[in-house]
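Secondary and tertiary structure notes
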Amino acid sequence: MIVSGNHPSTSEKNSTHIYGLRPVIEAIDGGTRIDRIFIQNGLAGSLASELKGRIRDHAIPFQFVPVEKLNRLTKGNHQGVVALIAPIAYRRADELLPALCEGEHAPFVLLLDRVTDVRNFGAIVRTAECAGVDAVIIPDHGSAQVGDDAVKTSSGALLRMPVCREANLKTVLNLARQYGMQIVAATEKGATDYLEADLRKPTLLIMGAEETGVSPELLKMADLRARLPIRGQVQSLNVSVAAGIFMYEALRQRGL
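This one's a predicted model, so the numbers in the text were calculated from it and none came from an experiment. (Residues numbered from 1 in each chain as written. Predicted model: local features only at pLDDT ≥ 70, side-chain atom pairs only at ≥ 80, totals over all residues. Heavy atoms only, no water.)

Here's the deal with the pairing of strand 2 (residues 34-40)
For clarity, the cut-off: The buried label goes to any residue with under 20% of its type's maximum accessible area, the exposed label to any with over 50%, and the partly exposed label to all in between, with areas taken from a 1.4 Å probe on protein chains only. Per the convention used, a helix needs a DSSP run of H or I reaching at least four residues, while a strand needs a run of E reaching at least two, with both numbered from the N terminus. Paired strands, in this sense, are two strands between which DSSP finds at least two bridges. When the strands point away from the viewer, a crossover counts as right-handed if the path from the first strand over the helix to the second runs clockwise.
Among the seven residues that make up strand 2, six are buried, leaving the element largely enclosed by the rest of the structure. Bridge count for strand 2 against strand 4 (residues 81-85) is five bridges, and the pairing is antiparallel. If you follow Ile-39 over to strand 4, its bridge partner there is Val-81. Looking at chain direction, strand 2 and strand 3 (residues 62-65) are connected through four bridges and run parallel. Paired with Phe-38 across the two strands is Gln-63, which belongs to strand 3. For the segment spanning strand 2, helix 3 (residues 46-58) and strand 3, crossover handedness is right-handed.

The following block contains the structure:
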């Protein structure tokens, strides 16, 4: 742990989180990869204002929480702030998508819309890496925590797979379309069977949360809505299983 007011030691740099106003500010300034910052409700003062400015300038996801949550995260003097360290370096979609589309093969990118379960998320990324998916895109809010548990569940695939964390998924879809990618949404309400979808094209596939599916605003932007056949009484598949079927169908069609 990093104790408020102290500089981090070598062992403290390996911690999964940092606490204290000044240590968190210094971590941001030092380029530490921060996944998310939790701030105590009502936190005020000059250092708190300075921290909020850093968060805004660096577009770091944050959340206001009750002090009880911070106390559960650490027993140290957190001063109302705990930052979770990201185990991976996120990529920018506006840099990655153009590079992929200008490459030698038709890119296949996976966008996960509100997939919050860490085990599902890790399993999806593991399959994506095995199936040769080029990148995974997640929202900066309403997504599974990309921490040590996710890395472990992915069997380390998260350390190799390019991951983009974006504030506005609609902007990402518009960018993907601008570079010639088709937008495919996986939904049980789709009119096209997944076997009929041409996944040889440059494709961005949207997978939604198990309970609610792809969000309506993203569904409206899809060029194609593809469904998986359901023959049993259970009307939906686990999202990691469904994603795996789509990814390996794309692999089959591309003959790789």
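Here's the deal with the packing of aromatic side chains
Remark: the centre distance and the inter-plane angle together describe each pair of aromatic rings, the angle taken between the planes. To be explicit about the condition: Pairing of aromatic rings covers Phe, Tyr and Trp, the last counted by its six-membered ring, and requires centre-to-centre distances within 6.5 Å; plane angles under 30 degrees mean stacked, over 60 mean edge-to-face, and any other angle means tilted. Working rule: Lys NZ or Arg CZ, within 6 Å of ring centre, within 35 degrees of ring normal, means a charge sits over the ring.
Applying the stated criterion across every chain yields a total of two aromatic pairs. Taking 5.5 Å as the distance between ring centres and 85° as the angle between the ring planes, the aromatic pair formed by Phe-62 and Phe-64 counts as edge-to-face. The partly exposed category is assigned to Phe-64, whose relative accessible area is 43%. When the ring of Tyr-194 is compared with that of Phe-246, the centres are 6.0 Å apart and the planes differ by 65°; the resulting orientation is edge-to-face. Residue Tyr-194 is located in the loop between strand 9 (192-193) and strand 10 (203-208), and its partner Phe-246 is located in helix 10 (residues 239-254); the two are separated by 52 residues in the primary sequence. Each member of the pair, Tyr-194 as well as Phe-246, carries the same accessibility label: buried. When the ring centre of Phe-38 is taken as reference, the NZ or CZ atom of Lys-69 above it lies at 4.8 Å.

A closer look at the side chain of Arg-165
How we decide: Each polar contact in these results corresponds to two N or O atoms within 3.5 Å; when the atoms are within protein, one needs to be able to donate a hydrogen and the other to accept it, and residues that are neighboring in sequence are counted only if both atoms are side-chain atoms. The criterion used for residue contact is that any of the two residues' heavy atoms lie within 4.5 Å.
Structurally, Arg-165 is set in strand 7 (residues 163-166). Of the polar contacts made by the side chain of Arg-165, one reaches the backbone oxygen of Asp-35; its length is 2.6 Å. Apart from the residues within four sequence positions on either side, Arg-165 is in contact with Ile-34, Asp-35, Pro-61, Tyr-90, Arg-91, Ile-138, Pro-139 and Asp-140.

Comments concerning the nonpolar core
Here is the rule: Here, nonpolar core means buried Ala, Val, Leu, Ile, Met, Phe, Trp, Tyr and Cys residues that are tied together by side-chain atoms lying within 4.5 Å of each other.
Ranked by internal contacts, the top residues of the largest apolar core, which has 37 residues, are Leu-110, Leu-112, Phe-121, Leu-158, Met-207 and Met-247. Breaking this core down by element, the ones donating at least two residues are strand 5 (108-113), helix 6 (118-130), strand 6 (135-139), helix 7 (148-153), strand 8 (182-186), strand 10, strand 11 (224-227) and helix 10. Setting aside its immediate chain neighbours within four residues, Leu-110 contacts Ile-124, Val-133, Ala-135, Val-136, Ile-137, Leu-205, Met-207 and Met-247. Formed by 24 residues, the second largest nonpolar core is a distinct cluster that contains Leu-111, Ala-135, Ala-185 and Leu-204.

Observations concerning helix 2 (residues 21-29)
Think of an α-helix as turning once every 3.6 residues; residues three or four places apart then point the same way. Listing the buried residues of helix 2 in full gives Leu-21, Pro-23, Val-24, Ile-25, Ala-27 and Ile-28. Close packing links the buried residues of helix 2 with strand 1 (17-19), strand 2, helix 3 and strand 4. Downstream of helix 2 by a residue or two, Gly-31 has a phi angle that is positive, lying close to 85°.

Remarks on the pattern of salt bridges
Heads up, the condition is: What counts as a salt bridge is simple: a side-chain nitrogen of Lys or Arg found within 4 Å of a carboxyl oxygen of Asp or Glu.
All told, the structure shown has twelve salt bridges when counted by the stated rule. Across the pair Glu-95 and Arg-92 runs a salt bridge whose closest N-O atoms are separated by 3.8 Å. Looking at Arg-92, the relative accessible area reads 47%, which means it is partly exposed. Here the residues in one salt-bridge network are Arg-22, Asp-29, Glu-50 and Arg-54, joined through shared partners.

Observations regarding the environment of Arg-33
Within the secondary structure layout, Arg-33 lies in the loop between helix 2 and strand 2. Under the relative-accessibility criterion, Arg-33 is labelled partly exposed at 40%. In this structure, the C-alpha to C-alpha distance between Arg-33 and Ala-89, residues 56 residues apart in sequence, is 6.6 Å. Engagement of the side chain of Arg-33 in a polar contact is seen with the backbone oxygen of Ile-88, the distance being 3.0 Å.

These results come straight from atomic positions and should not be treated as a statement about function.
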